[in-house]
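Inside the fold
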Amino acid sequence: MDSLKEKIDLNRLPRHIAIIMDGNGRWAQEQGQDRLYGHYHGVDSVRNIVEGCAELGIGYLTLYAFSTENWDRPEYEVTGLMELLVDTIRKEVETLNKNDIRLHVIGDMNMLPDYARTELNEALEITAGNRGMNLIMALSYSSRWELAEAAKQIARDVRDGRLDPEAITQDTLQQYLCTRPFPDPELMIRTSGEHRISNFLLYQLAYAELYFTNTRWPDFRKENLYEAILDYQSRERRFGKTSAQIQQDTPSHHPTF
Ligand code: IPE
Ligand code: IPE
Ligand code: MG
């Protein structure tokens, strides 16, 4: 069987793919295992998908690894996830460097235990010079947290005379989000059958194509990624215009969000 990869139009790749990696717990429980067993296997999928995106030449990959709401899970699961995170980063930094991948983190780093924050900061520093793919981990992240933080900083800047309220535009707001260095995702994938956003990139996903699959995250591999990209490439992105207008336009005239 031919790989789906060959069917992908490399000239029409999304620049930025965002993934809600969901279903680790169910995957484990379906096998009579503990939820943490699912998270451990989820790491194999992360490795596989990071590699798959890098091979294709995707510029930005954002992975939703832990939401602010996930802090309310049972303590043993939260601790297990933090340990897994630190362990994985320690093991993978070398591979990231070898593949010229730069790590970024978005989220409320103050919530993380000290040892996790230290490990992360080190990895950010070590990979800071890499110029290939940008791997953005959403950790202790939620959109509403991010928007509240943005509002706070905007208010401070207005108070201190650094920002004129009348001059605030959509672009200004974008500059106050943790995602300011990155283009908005064109494709958002959620695994494991849930059809919701769960507080992920609410602002940035305004015009993203959404792709949902029943595949649980620990089963998600490159072929599943290719399927999602092919589905994305089959869609017409209209940005509010009519289909006829889009078909007259050359691709380079499409607005980029
Ligand atoms: C996603 O899998 C990973 C995290 C949220 C950390 P889940 O742990 O949400 O798995 P399900 O949805 O309960 O199956
Ligand atoms: C979203 O998954 C967060 C991550 C994948 C990190 P959840 O499993 O926490 O989302 P809900 O609770 O089903 O909405
Ligand atoms: Mg879940």
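Now for a look at the structure at hand. (Residues numbered from 1 in each chain as written. Chains lettered and ligands numbered in written order. Predicted model: local features only at pLDDT ≥ 70, side-chain atom pairs only at ≥ 80, totals over all residues. Heavy atoms only, no water.)

So, on to the pattern of salt bridges. Enumeration according to the criterion identifies 23 salt bridges in this entry. When the shortest N-O distance is used, the salt bridge between Arg216 and Glu30 registers 2.5 Å. Of the two residues, Arg216 is situated in the loop between β6 (209–212) and α7 (222–233) and Glu30 in the loop between α1 (24–29) and α2 (35–56); the sequence distance between them amounts to 186 residues. Judged by relative accessible area, Arg216 falls into the buried class, the value being 19%. Between Glu77 and Arg35 there is a salt bridge; the shortest N-O distance is 2.9 Å. Residue Glu77 is located in helix α3 (residues 75–98), and its partner Arg35 is located in helix α2; the two are separated by 42 residues in the primary sequence. Using a relative accessible area of 2% as the deciding quantity, one classes Glu77 as buried. (Salt bridge = Lys/Arg side-chain N within 4 Å of Asp/Glu carboxyl O. Helix = DSSP H or I, 4+ residues; strand = E, 2+ residues; numbered from the N terminus. Buried < 20%, exposed > 50% of the residue type's maximum accessible area, 1.4 Å probe, protein only.)

The next thing to look at is the side chain of Ser143. The residue Ser143 is located in helix α5 (residues 143–159) in this model. At 2.6 Å, the side chain of Ser143 forms a polar contact with the backbone nitrogen of Leu202. Setting aside residues up to four positions removed in sequence, Ser143 forms contacts with Asn199, Phe200, Leu201, Leu202, Tyr203 and Gln204. (Polar contact = N/O pair within 3.5 Å; in protein donor to acceptor, adjacent residues only side chain to side chain. Contact = heavy atoms within 4.5 Å.)

As a further point, take the packing of aromatic side chains. Inspection of every chain in the model, using the stated rule, returns eight aromatic pairs. Pairing Tyr207 with Phe239 gives two aromatic rings, centres 5.2 Å apart and planes at 50°, and the pair type is tilted. On the criterion of sequence distance, the pair formed by Tyr207 in the loop between β5 (187–190) and β6 and Phe239 in the loop between α7 and α8 (243–248) is long-range, its members being 32 residues apart. Each member of the aromatic cluster is reached from another via a ring pair, and the members are Tyr64, Tyr141 and Phe200. (Phe/Tyr/Trp six-rings, centres within 6.5 Å; stacked < 30°, edge-to-face > 60°.)

Don't take any of this as a statement about function, it's just geometry.
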